[in-house]
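# Descriptive structure summary
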Amino acid sequence: MTYQECLDYLYQQLPMFHRIGNAAFKKTLHNTIALCEALGQPQQQFKTIHVAGTNGKGSSSHMLAAVLQESGYKTGLYTSPHLKSFTERIRINGQELPEAYLVQFVAEHKPLFERIQPSFFEMTVALAFKYFAEEQVDVAVIEVGLGGRLDSTNIIHPDISLITNIGYDHEALLGNTISAIASEKAGIIKPGVPAVISTRQLEAQEVFEARAEEAGAPLFFAPDQFRIEVTEANLERQVMQVYRNEKSFLPGLELDLAGNYQKYNLPGVLLTLVLLHEKGYHITHTSLRSGLANVKALTGLKGRWQVLNHLPLTICDTGHNEDGIKQVLKQLEGLKPKQVHMVFGAVNDKDITAILHLLPKRYRYYFCQAIIPRALPVQDLYAKAQGLGLEGAKFYTVSEAVAAAKANAAPDEVIFIGGSTFVVAEIEEL
């Protein structure tokens, strides 16, 4: 098989949440357990850190991996979904999985897949664990795909579990209250394993406290120890004063991720690194600073408040639920733009109405549809938006919408591209 033939086989044979949505989500760990047993339990051969949450888990995973790399550890990083290439999901020290490894793995284990019939995600998790074990990583940061309790990644026994913010997303699978969603995320809390919570949210807090007590897991709320003040910020990076227990901890800390929302992720990342240090990991203030100042270069993170062009200023962000869009809009307003040209698309298994209600009526919209079966048809999106007084036009591809925004935006205006991870994934210059 060529690499492309291999991907075609996987897309055709294995149900893929990224493409078809809820029908691909298996509400059991049975397949992942069976795959990993057949592969020799690779997930038991290296240390892990497990990261869940509604928003912020991807950024937090990349930040942790960057600092661990700078601390001298051979560091695996498993994230999902990918933006441009499948191989982005699995990295070691920032280097993507070799295409040849995927082809060999699939060719060798086709009979196993045909017997177990895993989902695309279950296969990918098993592949990541096998690759990390064979490459003898020291530690791997493992991002949960969806939820936590029943997510395929939840067969690891990590050194630390980190849970970022809890918000409304995938309610059909996870529940439609904050406490129900938090309960699914809390499923990654393991007996005796320290659990770090990035933010304090009353409904979620009670769930985490109950789960940690039941599991006998030490529980830490990061804002109890860490306070962040942003002192400088531009389109590419920000500088922060970090206080631990109200004492200066990391003055003038640089972060090369410019999203305002990173200040909510950073306390959880820092507390996780402090606890790892207490467990014997060699993490210094120097490696911590250099890791956080160079996350994008070290780990290849893309699509988080990313500047694509300056004239006109063009920014993309993968925020795709109410909390994510609120943060993006707040930061866009902070730019005091003359006009915003927003390229916007969504998926068909979410209630888009709540998000459309948040969008400012004065922006000019370019509604579009990503090239995946799960995309919300642009005519449906356009009709709903028009009904709410949002002015714009509809385009049947992301590239057409982006081209129209570029043609219409003056040099001193702003183009924003987002609404869905899959819209961002189709930006040519990403």
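Thresholds applied
- Residues numbered from 1 in each chain as written.
- Predicted model: local features only at pLDDT ≥ 70, side-chain atom pairs only at ≥ 80, totals over all residues.
- Heavy atoms only, no water.
- Helix = DSSP H or I, 4+ residues; strand = E, 2+ residues; numbered from the N terminus.
- Buried < 20%, exposed > 50% of the residue type's maximum accessible area, 1.4 Å probe, protein only.
- Lys, Arg positive; Asp, Glu negative; His and termini not counted.
- Salt bridge = Lys/Arg side-chain N within 4 Å of Asp/Glu carboxyl O.
- Polar contact = N/O pair within 3.5 Å; in protein donor to acceptor, adjacent residues only side chain to side chain.
- Contact = heavy atoms within 4.5 Å.
- Pairing = 2+ DSSP bridges.
- 1 Å grid on protein atoms, 1.4 Å probe; cavity = no way out; pocket = protein on both sides within 12 Å on 5 of 7 lines; lining within 4 Å.
- Points joined across faces, edges and corners; volume = space filled by probe spheres on them.
- Nonpolar A, V, L, I, M, F, W, Y, C, P; charged D, E, K, R; others polar.
- Right-handed = clockwise from strand over helix to strand, strands pointing away.
- Axes fitted to C-alpha atoms, helices over the stretch in contact; angles between N-to-C directions.
- Parallel < 35°, antiparallel > 145°, perpendicular 65-115°, else oblique.
- Left-handed = near helix turned anticlockwise from the far one by under 90°.
- Core = buried A, V, L, I, M, F, W, Y, C linked by side-chain atoms within 4.5 Å.

## Describing the side chain of Glu 88
Within the secondary structure, Glu 88 sits in the loop between strand E2 (75–78) and strand E3 (90–92). Arg 91 provides the closest opposite charge to the buried, unpaired Glu 88, separated from it by 4.5 Å. Polar contacts involving the side chain of Glu 88 include one to the main-chain amide nitrogen of Lys 84, which spans 2.6 Å. Polar side-chain contacts of Glu 88 include one of 2.8 Å to the backbone nitrogen of Ser 85. If we skip the residues at most four places from it in the chain, Glu 88 touches Thr 79, His 82, Leu 83 and Glu 96.

## Quick notes on the pairing of strand E6 (residues 160–163)
Of the two faces of E6, both are covered, the one formed by Ile 160 and Leu 162 as well as the one formed by Ser 161 and Ile 163. Pairing analysis gives 4 bridges linking strand E1 (residues 47–52) to E6, with the strands arranged parallel. Along E6, the bridge assignment pairs Ile 49 with Ile 160. Two elements, E6 and strand E7 (residues 195–197), share 3 bridges in a ladder whose sense is parallel. By the bridge assignment for E7, Ser 161 is matched with Ala 195.

## Quick notes on the layout of surface pockets
Each pocket or cavity is described by its volume, and for the second largest pocket that value is around 320 Å³. Around the second largest pocket, the lining comprises 18 residues; the ones closest to its centre are Tyr 11, His 18, His 82, Leu 83 and Lys 84. Listed by contribution, the elements that provide at least two residues to the lining of the second largest pocket are helix H1 (3–13), helix H2 (17–20) and helix H17 (421–425). With 5 residues, H1 is the largest single contributor of residues to the lining of the second largest pocket. In terms of residue class, the lining of the second largest pocket is built from 10 nonpolar, 4 polar and 4 charged.

## Details of the pairing of strand E15 (residues 364–367)
As paired strands, strand E14 (residues 340–344) and E15 are joined by 4 bridges and run parallel to one another. Residue pairing for E15: Phe 344 is matched across the bridge by Phe 367. Read from E14 through helix H14 (residues 353–358) to E15, the crossover connection turns out right-handed. Viewed along the sheet, the connection from E15 through helix H15 (residues 378–387) into strand E16 (residues 392–394) turns out right-handed.

## Section: the packing of helix H4 (residues 57–70) against helix H10 (residues 262–278)
Two quantities define a packed helix pair, namely the angle between the helix axes and the distance between the axes. Between H4 and H10, the shortest axis-to-axis distance is 10 Å and the interhelical angle comes to 40°. The angle between H4 and H10 places the two elements in the oblique class. By crossing handedness, the relation of H4 to H10 is classed as right-handed. The residues of H10 that touch H4, namely those facing Ser 59, Ser 60, Met 63, Leu 64, Val 67 and Leu 68, are Gln 262, Asn 265, Leu 266, Val 269, Thr 272, Leu 273 and Leu 276.

## Notes on the nonpolar core
Grouped together as the largest cluster of nonpolar side chains are 42 residues, with contacts concentrated most on Leu 10, Leu 102, Leu 127 and Phe 132. For this core, the secondary structure elements donating two or more residues are H1, helix H3 (30–38), E3, helix H5 (99–116), helix H6 (120–134) and strand E5 (139–143). No other element matches H6, which puts 11 residues into this core. Sequence-distant contacts of Leu 127, that is, excluding residues within four places in its chain, are made with Phe 86, Ile 90, Leu 97, Tyr 101, Leu 102 and Phe 105. Tyr 73, Phe 249, Leu 273 and Leu 292 belong to the second-largest nonpolar core, a separate cluster that totals 40 residues.

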